[in-house]
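# Analysis of the macromolecular model
Residues per chain, in single letters:
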Amino acid sequence: MTRNNIVMITIPIVIATAIIVVWKFNNGELTTCSRREKVKQTVDTDISKDEMLIGVISEEGKVAFENAEYVTVEKVVRTTVEESDGKSNTNYDTYVVADLDIGNGQDVTVDYSNALLGKGFQDEKIESRTFEEAFDLAYTNKNGWELYEALLLKNGIDGSLDDVSFDTNTYEMTKQKLYVLNERCSVLNNMLDGVDYDNVLEAKVYYQIAENEEGVMIPDSFTAITKYKKGDQTATQSIFLQVAINHWESREEG
């Protein structure tokens, strides 16, 4: 596949994805519609203890990323401030999406950060970048899983991915299956560093698991979140990171 083919396919999809992701929220948590590989997000009314343990990332899940030729990387950093009267304001510090052809070392990387400043979505402020400029990381000589691991470490998500606890509170409220890292990650300290607050209400890193077309459970996305109170204001900071497997050739043939 040529770079031009990637551009022609990517740009319309990415622009539409950005608009959807920006405005889609679930109980204050950012969710995304950017996944390219079909995954199943089951919404069960009950969940067993065995199902709670399914969050530990399997070797099969890692292999799925190792074998991926095309992936999409997405990073969103945002802060929401709520006033005592219920009014809130959300600012996006970072919103970048990259489509990668790993085998050929090609990428199409788009930065929407400036397009989200102010009210509405400003198309004219969408910027093209290289992957390394946007993520401060090179993807050459890395397979999909190695890239995922490098992105997690680069962003301070450095706790064990195998030492997790099932988030029962979130499941009871939203039926989302989230797995909280038990080891404190450095990203949480970085997010709170230099912030003036009265008390921290929440600080955690979690990932969500999805099932791909082959029935393999893979990590769908990672989120770091801190929530703190200062006076009458409550602020929530979040960093959302996702690496999604694509099937460009299959889509072209279809």
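To be clear, the structure that these remarks concern was listed above.
## Re the pairing of strand β4 (residues 88–101)
- The pairing of strand β3 (residues 70–82) with β4 spans 13 bridges and is classified as antiparallel. Pairing of E74 across the sheet is with V97, part of β4.
- Adjacent in sequence and paired antiparallel, β3 and β4 are bridged by 5 residues, among which G86 carries a positive phi angle near 95 degrees.

## Here we look at the side chain of T109
- Tracing the chain through its elements places T109 in strand β5 (residues 106–111).
- At 2.7 Å, the side chain of T109 forms a polar contact with the side chain of D107.
- Beyond its immediate sequence surroundings of up to four residues, T109 is in contact with V97, A98, E127, S128, R129, T130, F131, A134 and F135.

## Section: the sheet that holds strand β8 (residues 178–181)
- What the 9 strands build is an open sheet, ordered β6-β5-β4-β3-β11-β10-β9-β8-β7; its pairing is antiparallel. In the strand order of this sheet, the two ends are held by β6 (127–129) and β7 (164–166), each with one partner. Averaged over all neighbouring strand pairs, the angle between strand axes comes to 20 degrees, with direction disregarded.
- As defined by bridge partners, β4 adjoins β5 across 6 bridges and the pair is classed as antiparallel. Bridging across to β5, V97 finds its partner in V110.

## Focus: a negative patch on the surface
- Side chains of D158, D162, D163 and E183 sit close together on the surface and give a patch of like negative charge.
- The class for D158 is partly exposed, based on a relative accessible area of 36%.

Cut-offs applied
- Residues numbered from 1 in each chain as written.
- Predicted model: local features only at pLDDT ≥ 70, side-chain atom pairs only at ≥ 80, totals over all residues.
- Heavy atoms only, no water.
- Pairing = 2+ DSSP bridges.
- Helix = DSSP H or I, 4+ residues; strand = E, 2+ residues; numbered from the N terminus.
- Polar contact = N/O pair within 3.5 Å; in protein donor to acceptor, adjacent residues only side chain to side chain.
- Contact = heavy atoms within 4.5 Å.
- Axes fitted to C-alpha atoms, helices over the stretch in contact; angles between N-to-C directions.
- Patch = residues over 30% accessible without salt bridge, like charges linked within 9 Å, V, L, I, M, F, W, Y side chains within 5 Å.
- Areas by Shrake-Rupley, 256 points an atom, 1.4 Å probe, with all protein chains shown as cover.
- Salt bridge = Lys/Arg side-chain N within 4 Å of Asp/Glu carboxyl O.
- Lys, Arg positive; Asp, Glu negative; His and termini not counted.
- Charge placed at Lys NZ, Arg CZ, Asp CG, Glu CD.
- Buried < 20%, exposed > 50% of the residue type's maximum accessible area, 1.4 Å probe, protein only.

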